[in-house]
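The primary structure of each chain is shown beneath.
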Amino acid sequence: MTTYKLPIAQGFEHKIDHKNTHLITLKNRAGMAIALTDYGARLVSALVPDKHGNLIDVVLGFDSIEGYLQAKEQYHGATVGRFCNRIAKGKFNLESKEYSLALNNGNNCLHGGIEGFHRKVWDRQVSFKKLVDFYYVSPDGEEGFPGELKTSVSYELTNENEIIIKFRATTDAPTVLNLTNHAYFNLNGEGNGDVLNHLIQINSDEFLPIDENQIPIGKPESIEETAFDFRQAKTIAQDINAQDEQLEYANGYDHCYLNKQPISQAIASAYSKESGILLEVFTSEPSIHFYTGNFLADDLGKSGHRYLRYGGFCFEAQHYPDSPNHPDFPSVILNPGEVFQSEIRYKFSIQK
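Residues numbered from 1 in each chain as written. Predicted model: local features only at pLDDT ≥ 70, side-chain atom pairs only at ≥ 80, totals over all residues. Heavy atoms only, no water.

## Concerning the overall build of the protein
Along the backbone of the protein there are three helices and 30 strands. Relative to the 2.2 N^0.38 estimate, which gives 20 Å for 352 residues, the radius of gyration of the protein is 19 Å and therefore close to what a compact globule would have. C-alpha extents for the protein along the principal axes are approximately 60 × 50 × 35 Å. Looking at the protein as a whole, 60% of its 352 residues are labelled buried. A fraction of 67% describes how many contacts in the protein between residues 6 or more apart in sequence connect residues 24 or more apart. Of the roughly 14300 Å² that the protein leaves accessible, carbon and sulfur atoms contribute 45%. (Helix = DSSP H or I, 4+ residues; strand = E, 2+ residues; numbered from the N terminus. Rg over C-alpha atoms; globule rule 2.2 N^0.38 Å. Buried < 20%, exposed > 50% of the residue type's maximum accessible area, 1.4 Å probe, protein only. Contact = heavy atoms within 4.5 Å. Areas by Shrake-Rupley, 256 points an atom, 1.4 Å probe, with all protein chains shown as cover.)

Below you can see the structure in the form of structure tokens.
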């Protein structure tokens, strides 16, 4: 059995673009602990008690900044922006002007481009050993996006074993914005095999079908009688290999589900019978993107084990993919004088 511990701070003492990076740890009264780094304002670890009282690290990641820099998968635990998910052909129009973005996913701009928020060293402030605020100012034109954007991300670990993530942003010119957290979870323990045995429930009856470039093709569709119906909990394995064009396009699940739940009700959950750990997700965002780690690429993780295909899953609370090119989607436009705010809660508990 793997003994999980938080990474050592020295592995995160690094310098990138003349800025120092660090590891920050938070602990609560219930025995849970998380580790964060200012490189990408990202979640590095989450030690959660399992049904036997053992602490299991349920977040994929690395035990040093060097590990994140060298990883084939760049988004582990990161704050993703300016625009998470895909923008088709890296282009959009805003106020009669066309903007061209960096292409880093075939013909798409993915997760903010080549030098997105995941590759920035954020400023930080720690409060009362239970809350960390990260700050980043994105200059006008960065990766092709208009306007100077000031963004903050806070992580709080509560005594109810919740990780509460709050985003806030303002701009000095009209821009588009879509922020999320890109943690990969494995409730069996990071590096402990795949997540295909996890029971997933998604409280949504509509999803966004995609084309072969993983861009939404139009309006939401019902999940009724499809492999995408998770309204009743089922394992990831049950339908992931179904004969379905949508699954073939994405190499598994990599799809956006509409969220009509209030933040007081979970939009999604995952459960591991092996550990007894239940993860519930609450959010103010209009969708949850469910991704099953279809392209995890053999990186060596904290546990010393390889992160292989299906080695983790993501619940990315966000606005819809390619929203700037779909006027009928919920707006992602942020104007001067407005304040963007959103929240994601990851709540852990034991279900025996």
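Moving on from the coordinates now.
## Section: unusual backbone geometry
With omega at 0°, the peptide bond leading from G81 into R82 counts as cis. Along the chain, R82 falls in the loop between β7 (79–80) and β8 (86–87). The backbone of E95 sits at a positive phi, close to 50°, despite the residue not being glycine. Position of E95 relative to the elements: it lies in the loop between β9 (91–94) and β10 (97–100). Residue E95 is classed as exposed on the basis of its relative accessible area, which comes to 62%.

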